[in-house]
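# Coordinate analysis (summary)
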Amino acid sequence: MSAPLIETRELWKVYDQCEVPVVAVRETSLSIPHRQFVAISGASGSGKSTFMHLIGCLDRPSQGSLMFEEHEVSKLSKKQLAALRNRRIGFIFQSFNLLGRTTVLDNVALPLAYQGVSLRKRRERAAETLGQLGLGDRMRHLPNQLSGGQQQRVAIARALVTRPAILLADEPTGNLDSDRAVQIMLLFKELNEREGITIVLVTHEMNLASYAARHVVFSDGRIVSDDAVRAGGNGHGYGSSEGVS
Amino acid sequence: MNPLTVVYEAFISLSHNKVRTGLSVLGIVIGIASVIAMLAIGEGAQQRVEREIEALGDDWLTIGFWGIQRGGVRRQQGVPPDLAERDAVAIGKECTAVRAATPSNTMRVQVVSSYGNHQTAVQGVYPDYFNIRRWNAVAGELFTHDDMITMRRVCCVGQSSARELFGGVYPIGQTIRVNRITFEVIGLLEAKGSGGEGRDFDDIIVFPWRVFQRLVAGNEISQTMYAAAAPDVPLSVAREQIGSLLRQRHRLASDETDDFRIIDRSVAAQASAETTRTFNWLLTTIACISLVVGGVGVMNVTLVSVTERTREIGTRMAIGANGTHILGQFLTEAVVLCGVGGLLGFWIGVLVAQFVSWRLGWDVLVSYWMAMLAIGFSTAVGLSFGFYPAWRASKLDPIEALRYE
């Protein structure tokens, strides 16, 4: 068994700018192996989003260790974190966060621009990724000319275009109706099973969490439950609860 | 990130909010336009003054006896008719600081050629005059001392006079008549241009001194001399020597004032050039103030743009932009904004200058370096006033930026 993609050990995140320090994540240990589809749920304020930001290298932990592949995240500079996000992580947001004045094609090509890929090459790759997601005929449109489900698929294409190791989806279906939500979940499942991409899905909807191979529940900054909902088809049915007091 | 991509993105985002972009660019346009207009007008004035100095030359003096009072009496009677010539010869011989000197007699007469006639200035001088004024013939030749002594009836014509008298005909070998006396044109003088007050230095015909005095001048007594400083000798030294020689020759007691006057015309021209320069600086400085005001406008609009697009900045950071990318993006937007304003301002400035020249008849001069300056200035304004907002954008925390509503 190879090393996990992400491994946290007694991870803390404390916001101490305010008078009363706020503990968002406390003493959390979790290991996410390659090719796993993990759902993280919990009430709002439970620390699941902060945890996702930490493993997404958007923020550095206050204490504890966070390994992303072979990197100790707290030791990386801001620039290195940006490069890591750019090459290894794909983000998907609840409100899609597409650039409104930019065509679908250039939205998807944007992460490659930060890698210094030439315009022609990155448009080629963006078009290819959009084609795989069934959006080949929407490339010249602006995001607001598409439906919500299509916009989220564009955002997924943008996350996938750099061929990342992991997709981090923060309430990706929060702005979609249930049919579209199911479609997005099936897409995730397919990406996970066919392409072997690790997916971390943050959601508060229990029925969506059931699409994942493993379900982790946060409460008050800690993991309160961690189980393999299904022993997923990728052979990494981690069932043990780690770091639960 | 590819710089072309950055510029392209800047154009996209600026074109999104056209009214705001237009308004914020207006300050830069007005600033650059006024700088360019002031420079064009200033350069025009400067060049006019310089042309005048060039035409005058700066190493020669005019010495005259006109209207000098001596003991309360105007010293007109009693002046020997050939005083100017004798003094000039003495100056040329005795003053070591003088390279050449000549008497001169100038008047306006009607000159007749076989093609027409023309009222023009005629001047009798020693051939040294051409040396003093550094004046050459572009066709034919200048008259010489031999021509003067042998009383040859020849002359050299200035460009404007030649045009008036002969039209397009080659003037060398043609004849003109002054006081019914026929002279042969042997030289066409190079153009000297025009000076202030609409004076045309080329509307002149120059004759050898003696034949002019005998046949053209009549009773007109010469009261003028010209002298030029020797090479590498300051004009002030020549002036000093001439002054003391003339005082000595005119037997002036030490308590008597000069009965002559020495004029250095280039001094006046230099002073006027200096004034013009100072004025140009003043005008340009005032114009620069409006440019700074424009820069503040750009800073303001970039700050607003950063605030408005906080979410976008967060998204860009999440998908891999680092601080440098974000800084570059907003700095480029400010620079592109100012650059476009600079180009626009340049053309408007040129139009304003041309309008001024058309309405007021001032000389204006637009040169390529002004376009460079406009681009350079506006880019510098964009860089300096765009830096703070762009820097603030680059320092945003990605998570807070993503959460920003």
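Residues numbered from 1 in each chain as written. Chains lettered and ligands numbered in written order. Predicted model: local features only at pLDDT ≥ 70, side-chain atom pairs only at ≥ 80, totals over all residues.

## A few points about the overall build of chain B
To keep things clear, this is the line we draw: Helix and strand definitions here come from DSSP, where helices need a minimum of 4 consecutive H or I residues and strands a minimum of 2 consecutive E residues; each element is numbered from the N-terminal end. In this treatment the radius of gyration is a C-alpha quantity, and the globule benchmark scales as 2.2 Å times the residue count to the 0.38 power. Partly exposed residues are those whose C-beta has more than 12 but fewer than 20 other C-beta atoms within 10 Å; with 20 or more the residue is buried, with 12 or fewer it is exposed, and the C-beta atoms are placed from the backbone. Contact criterion: two residues are in contact if their C-beta atoms, reconstructed from the backbone, are within 7 Å.
Along its length, chain B carries 13 helices and 12 strands. Here chain B has a C-alpha radius of gyration of 33 Å; the compact-globule value for 405 residues is 22 Å, and the former is much larger. Reported as C-alpha extents along the three principal axes, the dimensions of chain B are approximately 105 × 55 × 35 Å. Sorting the 405 residues of chain B into buried and exposed places 41% on the buried side. When contacts within chain B are restricted to residue pairs at least 6 apart in sequence, those whose partners lie at least 24 apart make up 83%.

## Examining the overall build of chain A
Along chain A, the regular secondary structure elements total seven helices and 10 strands. Relative to the 2.2 N^0.38 estimate, which gives 18 Å for 245 residues, the radius of gyration of chain A is 18 Å and therefore close to what a compact globule would have. Along the three orthogonal principal directions, the C-alpha set of chain A runs to about 50 × 40 × 40 Å. When each of the 245 residues of chain A is scored for burial, the buried share is 49%. Contacts spanning at least 24 positions in sequence make up 66% of the contacts within chain A whose residues lie at least 6 apart.

## Let's talk about unusual backbone geometry
Residue and element names in this part refer to chain A. Phi is positive for Glu10, which is not a glycine, with a value near 45°. Along the chain, the position of Glu10 falls in strand β1 (residues 6-15). A positive phi angle is found at Arg35, which is not glycine, with a value near 65°. Relative to the helices and strands, Arg35 is located in the loop between β2 (22-32) and β3 (37-42). Among the residues examined, Arg35 registers 21 C-beta atoms within 10 Å and is labelled buried.

## Remarks on the pairing of strand β5 (residues 117-125) of chain B
Residue and element names in this part refer to chain B. Which entries qualify depends on this criterion: At least two DSSP bridges between two strands are needed for those strands to be called paired.
Here strand β4 (residues 98-113) pairs with β5 via nine bridges, running antiparallel. Bridge pairing links Val112 to Asn117 in β5. Between β4 and β5, which pair antiparallel and follow one another directly, the connecting turn spans three residues.

## Notes on the interface of chain B and chain A
Put simply, the rule reads: Polar here means any residue other than Ala, Val, Leu, Ile, Met, Phe, Trp, Tyr, Cys and Pro, which are nonpolar, and Asp, Glu, Lys and Arg, which are charged; Gly is therefore polar.
Counting from both sides, the interface comprises 19 residues of chain B and, opposite them, 22 residues of chain A. Within the residue set of the side of chain B that touches chain A, elements represented by two or more residues are α1 (3-16), α10 (310-318), α11 (323-360) and α13 (398-403) of chain B. With five residues, α10(B) is the largest single contributor of residues to the side of chain B that touches chain A. Considering only residue class, the side of chain B that touches chain A consists of eight nonpolar, nine polar and two charged.

## Here we look at the domain arrangement of chain B
Defined as follows: An automatic or database domain assignment is the source of the domain bounds shown.
Under the domain assignment, chain B is made up of domain 1 (3-53 + 270-403) and domain 2 (66-259). Computed over C-alpha atoms only, the centres of domain 1 of chain B and domain 2 of chain B are separated by 55 Å.

## Quick look at the environment of B:Val109
Residues and elements named next belong to chain B. Locating Val109 in the fold gives a position in strand β4. Sequence separation between Val109 and Ala191 is 82 residues, and the spatial gap between their C-alpha atoms is 21 Å. In this structure, Val109 is in contact with Val122 and Val178, ignoring residues within four places of it in sequence.

## A word on the nonpolar core
This is how the line gets drawn: Any set of buried Ala, Val, Leu, Ile, Met, Phe, Trp, Tyr and Cys residues joined through C-beta atoms within 7 Å is what this text calls a nonpolar core.
A:Ile40, A:Val200, A:Leu201, B:Ile32 and B:Ile36 are the most contacted members of the largest nonpolar core, which has 123 residues in total. At 15 residues, helix α2 (residues 18-56) of chain B tops the list of elements feeding residues into this core.

## A short note on α11(B)
For the record, the criterion: Any helix carries an expected span of 1.5 Å times its number of residues minus one.
In this model, α11(B) (38 residues) spans 53 Å end to end at C-alpha, consistent with the 56 Å of a helix rising 1.5 Å per residue. Where α11(B) ends, the next residue or the one after it, B:Gly361, has phi of about 70°, a positive value.

## Thoughts on the sheet that holds strand β4 (residues 63-68) of chain A
The pairing of strands in a sheet comes from backbone hydrogen bonds and takes either a parallel or an antiparallel form. Residue and element names in this part refer to chain A. Going by this rule: An axis is simply a line fitted to the C-alpha atoms; with a helix, the fit covers only the stretch in contact. Between two such axes, the angle follows the N-to-C directions and lies from 0 to 180 degrees.
On the basis of which strands lie adjacent, the open sheet formed by four strands has the order β2-β1-β4-β5 and antiparallel pairing. Bordering the open sheet on either side are β2 and β5 (71-72), each of which pairs with just one other strand. Where β1 lies against β2, seven bridges are found, and the strand directions are antiparallel. By the bridge assignment for β2, Val14 is matched with Val23. Across the sheet, helix α1 (residues 48-55) lies against β1, β2 and β4, angled at about 60° from β2, the strand it touches most.

## Thoughts on the confidence of the model for chain A
Put simply, the test is: As a per-residue quantity, pLDDT reports the predictor's confidence and falls between 0 and 100.
With 92% of its residues at a pLDDT of 70 or more, chain A shows a mean pLDDT of 87. Here residues 229-245 of chain A scores under 50 on pLDDT; set against residues more than four positions off or in separate chains, the count is 41 contacts.

## Notes on the environment of B:Phe130
All names here are of chain B. Structurally, Phe130 is set in helix α4 (residues 128-132). Taking the number of C-beta atoms within 10 Å as the measure of exposure, Phe130 has 21 and is therefore buried. Considering only alpha carbons, one finds Phe130 and Met372, 242 residues apart in sequence, at a separation of 42 Å. In this structure, Phe130 is in contact with Trp135 and Leu142, ignoring residues within four places of it in sequence.

## Brief notes about the pairing of strand β8 (residues 175-178) of chain B
Here is the key point about a regular strand: its side chains alternate between the two faces of the sheet. All names here are of chain B. Only one face of β8 is buried, namely the one carrying Ile176 and Val178, since none of Thr175 and Arg177 on the opposite face is buried. Examined bridge by bridge, β8 and strand β9 (residues 181-189) share four bridges and lie antiparallel to one another. From the neighbouring strand, Val178 faces β9, where its bridge partner is Ile181. What sits between the antiparallel neighbours β8 and β9 is a turn of two residues, in which Asn179 has the positive phi angle 50°.

## Structural notes on the sheet that holds β3(A)
Residues and elements named next belong to chain A. The six strands are arranged β6-β7-β8-β3-β9-β10 in an open sheet whose pairing can be described as mixed. Across the chains shown, the open sheet's two edge strands, defined by having one partner strand only, are β6 (89-92) and β10 (222-227). Averaged over all pairs of adjacent strands, the angle between strand axes in this sheet comes to 20°, irrespective of strand direction. Inspection of the sheet shows β3 paired to strand β8 (residues 198-202) by four bridges, in the parallel sense. Among the inter-strand pairings, Ala39 is bridged to a residue of β8, identified as Leu201. Docked against the sheet, helix α5 (residues 148-160) engages β6 and β7 (166-170), running at close to 165° with respect to β6.

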